[in-house]
Amino acid sequence: MAEEKTQAKKKKSRKKHRKLPIVIGVIVVVFIGFRVVGAMGSAQPGAYVTTTGAVRGDLQESIDTSGTVLSEEVKVIFAPVSGTLAEVNVEAGSAVKAGEQLISYDMDKMEKVLRQSALQLEKSEAGYDDALERDSQNQADLKEATVNLEVLNRQIEDNKAYLKDLQDNLSQSQRETSNALAAESLELQEQLRQLTPGTEEYNNVSNEIARNSYLQQIVGSSDYVAQMQKEIGDVQERIAGYEEYKARMESQKTSSEAAVMNSYDKTRQDADNELANLTYQETEEEYYIAKKGIVAEFDAIVTECAAIPGAGVSSGTQLLTLEDSRNLKVSFEASKYDIEKLELGQKADVVISGKTYQGQVSKINRMAVKNASNTPMVGVEIHLLETDDTIILGMDAKLTIYTKKVENVLLVPVEAINADREGDFLYVVENGVVVRKSIVCGISSDVYAEVKEGLTEEDVIILSSYSNLEEGMTVTVMPTQQPAQ
């Protein structure tokens with residue numbers, strides 16, 4: 001690599017200093033010519049010309065230009081979470097290493113926010129559990145009331161029917177006893193009318209009538225009636241108890257039905273609890289993100305810094321711009337003439353601050369942009385294959401881009417080539433006379449051009465002349481100059 005650079009420098013040196021010996025040679029030729037003309041008197045030898053010959057060799061075409069050192073990767077850093085900045089450890093122009101903390105958050109404030117979120121979650125979960133527990137109790141109360149009301153209604157109906165039977169039986173028993181005593185008394189009254197008063201039989205019948213009358217009076221207070229009445233009272237008391245319990249169950253059913261959560265209430269409770277959980281999770285994640293701080297992901301240069309210590313920032317606020325300090329490129333604009341020669345992958349020498357680096361063409365824009373002179377220019381990027389810590393972003397870089405290369409081709413000095421509307425051509429000397437030869441050129445450098453057609457190695461090419469040349473004119477050939485390889 002060093003040898004190639006040395007050869008390139010020698011070639012450039014030859015390009016810069018080749019014209020000076022040619023000019024001196026022309027002056028010497030002119031001087032000699034004047035002396036010859038003076039000595040020969042009236043002789044007219046023709047124009048004096050210097051000549052050269054074509055040579056075979058290799059030719060590397062290149063483009064020399066300049067560009068600006070830029071980073072291949074630019075990363076704009078935004079605040080990952082909302083909070084208050086504690087320390088800002090960099091400023092514009094700072095060089096940072098991968099893993100280095102650039103900005104830290106005020107963690108005391110972040111801890112308070114996390115604690116508030118935790119308490120809110122605890123409150124929400126307690127309320128959620130309480131709501132579920134109350135709903136479970138309300139559902140149990142509703143179920144109990146519903147079941148009990150069904151049993152109570154059946155028991156009340158059964159006891160009312162039993163009461164009616166008791167009451168009917170008592171009434172019927174009392175009627176039947178009273179009617180029997182009354183009928184017996186009528187018979188006794190009829191017997192008494194047929195008997196003689198004062199007789200023993202008369203007295204017996206009279207006593208029987210009196211007994212029946214007494215029985216009719218006490219029929220409602222007999223043991224049977226008393227027992228029946230007691231049973232009826234017990235049944236009535238039982239029915240009253242059932243009615244009271246039923247009233248309580250109806251009230252319980254009404255209140256529990258109103259308190260039981262419907263599907264909308266359940267959805268709202270679930271949503272509130274899930275929202276509290278998500279809020280806490282997000283706050284917890286933000287806490288640990290803030291605790292980590294903002295860290296450089298790669299070796300970089302800070303090109304912009306808007307962060308201020310103690311400032312409150314919202315998530316998404318732009319804080320820094322980092323440009324990769326290892327992955328670098330040189331950007332330049334190519335004219336329509338140079339763009340024809342450029343291809344992706346071509347090698348380049350890049351000189352930055354006096355130091356040479358190797359690069360290659362990595363990007364050629366597909367759109368031209370007019371510059372201040374209204375000339376269309378195409379953006380091109382050279383990726384640096386090697387970098388170090390001495391390279392400064394934004395610096396100018398000199399570029400030598402090696403485009404096409406040919407081997408073992410016919411080469412002539414570029415200063416011998418002429419051009420007009422018909423194309424490129426050379427003046428050669430044949431039998432002391434100037435002859436025009438049209439040629440087809442290939443690639444070229446500042447010193448040589450490749451000739452594809454129209455020339456042979458035997459042709460004597462006119463390199464320079466003291467007078468204007470025209471085809472057919474007679475010339476005097478000075479010693480031939482061999483092109484430097």
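Our subject is the structure listed above.
Note that the structure is predicted; figures quoted are calculated from it, not measured. (Residues numbered from 1 in each chain as written. Predicted model: local features only at pLDDT ≥ 70, side-chain atom pairs only at ≥ 80, totals over all residues. Heavy atoms only, no water.)

Caption draft 1: The arrangement of a negative patch on the surface in detail. Taken together, the side chains of E122, E125, D129 and E133 define an acidic patch exposed on the protein surface. Topologically, E133 is positioned in helix α3 (residues 107-194). (Patch = residues over 30% accessible without salt bridge, like charges linked within 9 Å, V, L, I, M, F, W, Y side chains within 5 Å. Areas by Shrake-Rupley, 256 points an atom, 1.4 Å probe, with all protein chains shown as cover. Salt bridge = Lys/Arg side-chain N within 4 Å of Asp/Glu carboxyl O. Lys, Arg positive; Asp, Glu negative; His and termini not counted. Charge placed at Lys NZ, Arg CZ, Asp CG, Glu CD. Helix = DSSP H or I, 4+ residues; strand = E, 2+ residues; numbered from the N terminus.)

Caption draft 2: The sheet that holds strand β9 (residues 312-313), seen in detail. What the four strands build is an open sheet, ordered β7-β6-β4-β9; its pairing is antiparallel. Bordering the open sheet on either side are β7 (294-295) and β9, each of which pairs with just one other strand. Bridge count between strand β6 (residues 101-105) and β7: two bridges; the pairing is antiparallel. By the bridge assignment, Q101 is partnered in β7 with V295. (Pairing = 2+ DSSP bridges.)

Caption draft 3: Representation of the sheet that holds strand β8 (residues 300-305) in the model. What the four strands build is an open sheet, ordered β3-β10-β8-β5; its pairing is antiparallel. What marks the edges here is a single partner per strand, and that holds for β3 (74-78) and β5 (95-96). As paired strands, β5 and β8 are joined by two bridges and run antiparallel to one another. Within the sheet, the bridge partner assigned to V96 lies in β8 and is A300.

Caption draft 4: Representation of unusual backbone geometry. Positioned with a positive phi, S353 is a non-glycine residue whose angle comes to about 55 degrees. When you line up the elements, S353 lands in the loop between β12 (347-352) and β13 (355-370). You will see that N431, though not glycine, has its phi angle at about 55 degrees, which is positive. Among the secondary structure elements, N431 is positioned in the loop between β17 (423-430) and β18 (433-438).

Caption draft 5: Looking closely at the environment of E450. Mapped onto the elements, E450 comes out in strand β20 (residues 448-453). Given the relative accessible area of 7%, E450 is considered buried. As for E450 and V406, which are separated by 44 residues in sequence, their C-alpha atoms are 8.4 Å apart. Setting aside its immediate chain neighbours within four residues, E450 contacts L59, V406, V409, L410, L411, V440, C441, G442 and I443. (Buried < 20%, exposed > 50% of the residue type's maximum accessible area, 1.4 Å probe, protein only. Contact = heavy atoms within 4.5 Å.)

What is shown is where atoms sit, not what they do.
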